Amino acid sequence: MADISAIRARQNVYSDLDFRFIANPNTRDLALKYDVESVKQSVINILLTSAGERPFNPKFGGGLNGYLFDNFDGITAAAMENTIVNTLRNWEPRVRVDKVDITDLSHRNALRVSLEITILSPEERTDIVEFVVERLR
């Protein structure tokens, strides 16, 4: 009989649809993201969702797009960091935020967010999530 830990090691713990909605070339089904990539995609999705955007769950989301129209200074950066940490603490139990770095890209009317996160289960792993918050045209 196979060792149960070896079987678990071969299985993907987390999976989700790839939000790029590309087709798997072999199966022609939608592509999937697994484990770390699935969690990272979830973090970005939660932070970029505005409160009230999700039907029947009006408090869900981080609403980082709302910070685009503020003058970016230390106070705004601290408020954003607080929003990021609290939002992920409330809506993504699989991660812990270790470090937040926000860069002003005012020449593009955007903000670059870099997060150092620890994925908490099944075994802890530290990774970086980077994305740009920008106005949709």
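The rules we used
Residues numbered from 1 in each chain as written. Predicted model: local features only at pLDDT ≥ 70, side-chain atom pairs only at ≥ 80, totals over all residues. Heavy atoms only, no water. Helix = DSSP H or I, 4+ residues; strand = E, 2+ residues; numbered from the N terminus. Buried < 20%, exposed > 50% of the residue type's maximum accessible area, 1.4 Å probe, protein only. Contact = heavy atoms within 4.5 Å. Areas by Shrake-Rupley, 256 points an atom, 1.4 Å probe, with all protein chains shown as cover. Core = buried A, V, L, I, M, F, W, Y, C linked by side-chain atoms within 4.5 Å. Expected span 1.5 Å × (residues − 1). Arc of directions from axis to C-beta. Polar contact = N/O pair within 3.5 Å; in protein donor to acceptor, adjacent residues only side chain to side chain. Pairing = 2+ DSSP bridges. Axes fitted to C-alpha atoms, helices over the stretch in contact; angles between N-to-C directions. Salt bridge = Lys/Arg side-chain N within 4 Å of Asp/Glu carboxyl O.

Observations regarding the overall build of the protein chain
When its secondary structure is counted, the protein chain shows 3 helices and 5 strands. Of the regular secondary structure in the protein chain, the N- to C-terminal order runs α-β-β-α-α-β-β-β. The proportion of buried residues among the 137 residues of the protein chain is 32%. In the protein chain, the proportion of contacts linking residues at least 24 apart, taken out of those at least 6 apart, comes to 40%. Summed over its atoms, the accessible surface of the protein chain is roughly 9200 Å², and 49% of this surface lies on carbon and sulfur atoms.

A few points about the nonpolar core
Within the largest apolar cluster, 25 residues are counted, with the highest numbers of intra-cluster contacts made by L47, L64, I84, L88, L115 and F131. For this core, the secondary-structure elements that each account for two or more residues are α2 (35-48), α3 (74-91), β3 (95-105), β4 (110-119) and β5 (125-134). The contact partners of L47, leaving out residues within four places of it in the chain, are G62, G63, L64, I84, T87, L88, L115 and F131.

Brief notes about α3
Because an α-helix completes one turn every 3.6 residues, residues spaced three or four positions apart along the sequence face the same direction. Taking 1.5 Å per residue as the helical rise, α3 with its 18 residues ought to reach 26 Å, and the 26 Å between its terminal C-alpha atoms agrees with that figure. Along α3, the residues that are buried comprise T76, M80, T83, I84, T87 and L88. All buried residues of α3 project into a common sector of 115 degrees when viewed along the axis, lining one side. In α3, those exposed residues whose orientation departs by more than 90 degrees from the buried face are G74, I75, R89 and N90. Packing partners of the buried residues in α3 comprise α2, β3 and β4. Measuring from the side-chain oxygen of the N-cap residue of α3 to the backbone nitrogen of I75 gives 3.3 Å; that N-cap residue is D73.

Let's talk about the sheet that holds β4
What the 3 strands build is an open sheet, ordered β3-β4-β5; its pairing is antiparallel. Of all strands in the sheet, those with a lone pairing partner are β3 and β5, marking the two edges. The sheet shows a mean angle of 15 degrees between the axes of neighbouring strands, direction not considered. In this structure, β3 lies alongside β4, joined through 10 bridges in antiparallel fashion. Within β4, the residue paired with I102 across the bridge is V113.

Some points on the pattern of salt bridges
For the coordinates displayed, the defined rule picks out 6 salt bridges. Linking E92 and R94 is a salt bridge whose minimum nitrogen-to-oxygen distance equals 2.7 Å. Of the charged contacts in the structure, one is a salt bridge between D98 and R96, with a shortest N-O distance of 3.1 Å. Residue class for R96 comes out partly exposed when judged on its relative accessible area of 39%. Each member of the salt-bridge network shares a partner with another, and the members are E37, K40, R125 and D127.

So, the side chain of T76
Summarising the element assignment, T76 is placed in helix α3. Using a relative accessible area of 9% as the deciding quantity, one classes T76 as buried. In this structure the side chain of T76 is engaged in a polar contact, spanning 2.9 Å, whose partner is the backbone oxygen of N71. Setting aside its immediate chain neighbours within four residues, T76 contacts Y67, D70 and N71.

Read these as geometric descriptors, not functional statements.
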